[in-house]
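Residue strings, one per chain:
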Amino acid sequence: MPCDPLSAASDQPVAATPMGGDRDGAAAPPAVVEEVLLLRIALDQDLVGEVRTRFRYAAAAPHEVRLTFHLGRPDEADWVLSRDLLRDGLEALSGQGDVKLWPASCPCHGATLHLALESPHGSALLEAPRPQVRAWLERTYAVVPDGGAAELLPSDEELAELLAGG
């Protein structure tokens with residue numbers, strides 16, 4: 001069986017696929033920001049488990065965040081959600097339908113972020129450490145600032161050229 005890619009807890013954020021340096025020789029922020037967090041998951045009314053979850057942001061897809069839930073099997077469950085939805089969920093109830101997020105606080109776990117996920121295969125209620133999610137999200141904004149995603153999209157001229165087959 002292959003090595004479990006999420007077997008070790010992530011004490012430090014993982015930066016992959018660096019974009020290189022600019023003309024001044026300074027290193028640019030990484031194009032990908034990843035971190036593995038341990039989330040609590042409600043398994044039934046009285047049972048709570050834990051699931052290692054990779055939070056991944058790539059500048060190439062500036063509006064989305066990918067959460068990979070490692071369930072201890074070869075297959076992993078991926079959910080893609082909006083970076084803005086995650087940001088808003090840290091402050092208030094956010095989302096509708098399949099994904100809902102909201103902040104919470106309790107004496108035993110402190111500040112948390114609740115994630116309610118629904119799919120045709122079932123539903124899950126997860127709890128993430130809000131300060132760690134916020135810190136990770138702030139690192140994504142260092143890669144692509146809020147509102148800066150439009151700069152990464154092709155210009156009208158580039159789109160016209162692509163559509164013309166050139």
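Residues numbered from 1 in each chain as written. Predicted model: local features only at pLDDT ≥ 70, side-chain atom pairs only at ≥ 80, totals over all residues. Heavy atoms only, no water.

Enquirer: I'd like a rundown of the packing of aromatic side chains, residues and numbers included.
Expert: The tally for this structure, following the rule as stated, stands at one aromatic pair. With centroids separated by 5.5 Å and ring planes inclined at 65 degrees, the aromatic side chains of F55 and W136 adopt a geometry described as edge-to-face. Placement of F55 in strand β3 (residues 47–58) and of W136 in helix α2 (residues 130–143) is noted, with a sequence separation of 81 residues between them. When its relative accessible area of 1% is taken as the criterion, F55 is described as buried. Take W136: its relative accessible area is 0%, and that puts it in the buried class. (Phe/Tyr/Trp six-rings, centres within 6.5 Å; stacked < 30°, edge-to-face > 60°. Helix = DSSP H or I, 4+ residues; strand = E, 2+ residues; numbered from the N terminus. Buried < 20%, exposed > 50% of the residue type's maximum accessible area, 1.4 Å probe, protein only.)

Enquirer: Requested: an account of the side chain of E34, with residues and values cited.
Expert: Considering the arrangement of structural elements, one finds E34 in strand β2 (residues 30–44). Classification of E34 by relative accessible area gives buried; the value is 17%. A distance of 2.7 Å separates a polar atom in the side chain of E34 from a polar atom in the side chain of R56. (Polar contact = N/O pair within 3.5 Å; in protein donor to acceptor, adjacent residues only side chain to side chain.)

Enquirer: Please give an account of the environment of E118 that cites residues and values.
Expert: Within the secondary structure layout, E118 lies in strand β8 (residues 110–119). Judged by its relative accessible area of 40%, E118 is partly exposed. Through-space distance from the C-alpha of E118 to that of G97 is 7.6 Å; in sequence the pair is 21 residues apart. Non-local contacts of E118, meaning those with residues more than four positions away in its chain, are made with W79, G97, D98 and S123. (Contact = heavy atoms within 4.5 Å.)

Enquirer: Explain the pairing of strand β5 (residues 76–82) to me, using residue names and the numbers behind them.
Expert: Two elements, strand β4 (residues 64–70) and β5, share seven bridges in a ladder whose sense is antiparallel. By the bridge assignment, H70 is partnered in β5 with E76. Where β4 folds back on β5, the antiparallel hairpin that results is connected by five residues, among which G72 adopts a positive phi of roughly 80 degrees. (Pairing = 2+ DSSP bridges.)

Enquirer: Could you give me a rundown of the layout of surface pockets, with the residues and numbers involved?
Expert: The calculated volume of the largest pocket comes to roughly 300 Å³. Lining the largest pocket are 15 residues, and of these I41, A77, W79, S123 and A124 sit closest to its centre. Mapped by element, the contributors of at least two residues to the lining of the largest pocket are β2, β5, β8 and β9 (122–129). Of the residues forming the lining of the largest pocket, the biggest block, four residues, is contributed by β9. Each residue belonging to the lining of the largest pocket can be placed in one class, and the counts come to 11 nonpolar, four polar and no charged. (1 Å grid on protein atoms, 1.4 Å probe; cavity = no way out; pocket = protein on both sides within 12 Å on 5 of 7 lines; lining within 4 Å. Points joined across faces, edges and corners; volume = space filled by probe spheres on them. Nonpolar A, V, L, I, M, F, W, Y, C, P; charged D, E, K, R; others polar.)

Enquirer: Talk me through the nonpolar core; I want residue IDs and the actual numbers.
Expert: Membership of the largest hydrophobic core comes to 28 residues, with the highest contact counts inside it found for L39, L86, L113, L115, L126, V133 and W136. Listing elements by their share of this core, those giving two or more residues are β2, β3, β4, α1 (83–89), β7 (99–106), β8, β9 and α2. With five residues, the single largest contributor to this core is α2. Not counting the four nearest positions on each side in its chain, V133 is found in contact with L37, F55, L86, L90, L113 and A128. (Core = buried A, V, L, I, M, F, W, Y, C linked by side-chain atoms within 4.5 Å.)

Enquirer: Explain the environment of L67 to me, and be specific about the residues and the numbers.
Expert: Mapped onto the fold, L67 is located in strand β4. C-alpha separation for the pair L67 and L81, spaced 14 residues apart in sequence, amounts to 8.0 Å. With residues up to four places along the chain from it excluded, the contact list for L67 reads T53, R54, F55, A77, D78, W79, L81 and L115.

None of this, on its own, says anything about what the molecule does.
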